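Residue-level structural notes
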Amino acid sequence: MTSVDEAENLDLIDEEIPEEKTHKLTTFFHVLFKGAAIFMYIFGWAFAKNFVINFVVIVLLLAFDFWTVKNVTGRLLVGLRWWNEVNEEDGTNKWIFESRPDGKLVNAGEARTFWITLILTPLVWIVFGLSAIISWKFQWFILCCVAITLSGTNLWGYYKCRYDSNTAKQALANYAVGFMSAV
């Protein structure tokens, strides 16, 4: 098996980044909007008895989260970004995925927070959606569908950035070759 030193040379393990170069505020907002939307879904009835108010507040929080993750936190915390371009002539969509350039380091703790919250959020909304169906609360199910769509789109976009980029494929190939040669 390859050692930690060999893995670091393959860019599979990020080096420590000085404390002053971390993105604490960005990480905070990455978690804040997700957590606030989930909190309002669970406890919104305590603040407003009206479903429409809760629906609008939660959708706004989901939209803030979608925009923040797509345009800010993905780029700063893990060095990835994605976007969609529409061809004006025929209306076709073209998805563009970028990964961080070689040599750009990311903080391992921030990256872990990014990926854990990015993966868990759609799963939480799926559970909420299933409970809404089981309890016959279809208006809440619609809200869960919006949440699953927005958080799932970000997850899919960043998954494609990370695992379909040439840099990721090269690092994975290097790791596999190193692993197989050690066996």
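Further up the page is the structure itself.
The residue numbering used here restarts from 1 in each chain and proceeds along that chain's sequence as written. Local features in this predicted model are restricted to residues whose pLDDT is 70 or higher, and side-chain atom pairs enter the listing and the counts only when it is 80 or higher, whereas totals over whole chains, interfaces and linings include all residues. In computing side-chain properties, one takes all heavy atoms of the structure into account and sets aside hydrogens as well as water.

1. What to know about the side chain of K34
As a reminder of what qualifies: A run of DSSP states H or I qualifies as a helix once it reaches four residues; a run of E qualifies as a strand once it reaches two. Both are numbered from the N-terminal end. Burial classes: relative accessible area under 20% of the type maximum marks a residue as buried, over 50% as exposed, and values in between as partly exposed (1.4 Å probe, protein chains only). Side-chain atoms alone can form a polar contact between residues adjacent in sequence; in general such a contact is a pair of N or O atoms within 3.5 Å, and within protein one must be able to donate a hydrogen while the other accepts it. The criterion used for residue contact is that any of the two residues' heavy atoms lie within 4.5 Å.
Turning to its location among the elements, K34 is positioned in helix 2 (residues 24-43). The exposure class of K34 is buried, given its relative accessible area of 6%. One polar contact links K34 to D65, side chain to side chain, over a distance of 2.9 Å. What K34 contacts, discounting residues up to four positions off in sequence, is D65, V69, T117, L118 and T121.

2. Focus: the nonpolar core
Defined as follows: Residue types Ala, Val, Leu, Ile, Met, Phe, Trp, Tyr and Cys, when buried and joined through side-chain atoms within 4.5 Å, form a set referred to as a nonpolar core.
Y41, I58, L62, W125, F128, W140 and L143 are the most contacted members of the largest nonpolar core, which totals 15 residues. Elements with a minimum of two residues in this core: helix 2, helix 3 (51-78), helix 4 (108-134) and helix 5 (138-163). Broken down by element, the residue count for this core peaks at five residues, all from helix 2. Non-local contacts of I58, meaning those with residues more than four positions away in its chain, are made with A37, M40, Y41, W125, W140 and L143. Residues V69, L80, A111 and F114 belong to the second largest nonpolar core, which totals 13 residues.

3. Some details on the side chain of N54
Along the polypeptide, N54 turns up in helix 3. For N54, a relative accessible area of 3% puts it in the buried group. Here the side chain of N54 touches A48 through a polar contact of 2.9 Å, landing on its backbone oxygen. Not counting residues within four places of it along the chain, the set of residues in contact with N54 comprises M40, G44, W45, A48 and W140.

4. A closer look at helix 3
Residues spaced three or four apart along an α-helix point in a common direction, a consequence of the helix completing one turn every 3.6 residues. The line we're drawing: Here the bend at a residue is taken as the angle between two axes, fitted respectively to the seven residues that end there and the seven that start there.
The sharpest bend along helix 3 comes to roughly 50 degrees, located at V69. Of the residues flanking the start of helix 3, the one acting as N-cap is N50, its side-chain oxygen 2.9 Å from the backbone nitrogen of V52. Just downstream of helix 3 lies G79, where phi reads positive at about 70 degrees.

5. Here we look at the packing of helix 3 against helix 4
To describe two helices that pack against each other, one gives the angle between their axes and the distance between the axes. So the rule is basically this: Note on method: axes are straight lines fitted to C-alpha atoms, helices fitted across the in-contact stretch only, with angles between N-to-C directions ranging 0 to 180 degrees. When describing relative orientation, an angle under 35 degrees is termed roughly parallel and one over 145 degrees roughly antiparallel, while 65 to 115 degrees is termed roughly perpendicular and anything else oblique. Each helix crossing is assigned a hand: it is left-handed if the near helix lies turned anticlockwise from the far helix by less than a right angle, otherwise right-handed if that turn is clockwise. Under the convention adopted here, Pro, Cys and the residues Ala, Val, Leu, Ile, Met, Phe, Trp and Tyr are nonpolar, Asp, Glu, Lys and Arg are charged, and Gly plus all remaining residues are polar.
Helix 4 packs onto helix 3 with a crossing angle of 150 degrees between their chain directions and a minimal axis gap of 11 Å. Classed by the angle they form, the pair helix 3 and helix 4 counts as roughly antiparallel. Both helix 3 and helix 4 take part in a crossing whose hand is left-handed. Residues I58, L62, V69, T73, G74, L77 and V78 of helix 3 touch helix 4, and the partners they reach there are E110, A111, F114, W115, L118 and W125. Taken together, the residues that form the contact of helix 3 with helix 4 break down as 10 nonpolar, two polar and one charged.

6. Some remarks on the pattern of salt bridges
Here is the rule: In what follows, salt bridge is the name for a side-chain nitrogen of Lys or Arg lying within 4 Å of a carboxyl oxygen of Asp or Glu.
The final tally for this structure, using the stated rule, is one salt bridge. The closest approach of N and O atoms between D65 and K34, which form a salt bridge, is 2.9 Å. You can see D65 sitting in helix 3 and its partner K34 sitting in helix 2, a full 31 residues away along the chain.

7. Considerations on the packing of aromatic side chains
Convention followed: Ring pairs are drawn from Phe, Tyr and Trp, using the six-membered ring of Trp, whenever the two centres fall within 6.5 Å, and their geometry is named by plane angle: stacked under 30 degrees, edge-to-face over 60, tilted for the rest.
Overall, the coordinates contain 17 aromatic pairs when judged by the stated rule. Centroid distance F29 to F33: 5.8 Å. Interplanar angle 35 degrees. Geometry classified as tilted. Separated by four residues within a single helix, F29 and F33 lie in helix 2, roughly one turn from each other. By relative accessible area, which is 31% here, F29 ends up partly exposed. The interplanar angle of 90 degrees and the centroid separation of 5.3 Å between the aromatic rings of Y41 and W140 together place this pair among those described as edge-to-face. One end of the pair, Y41, is in helix 2; the other, W140, is in helix 5, with 99 residues separating them in the sequence. In this pair, the class of Y41 matches that of W140, namely buried. Three or more aromatic residues joined by ring pairs form one cluster here, namely Y41, F51, F55, W125, F128 and W140.

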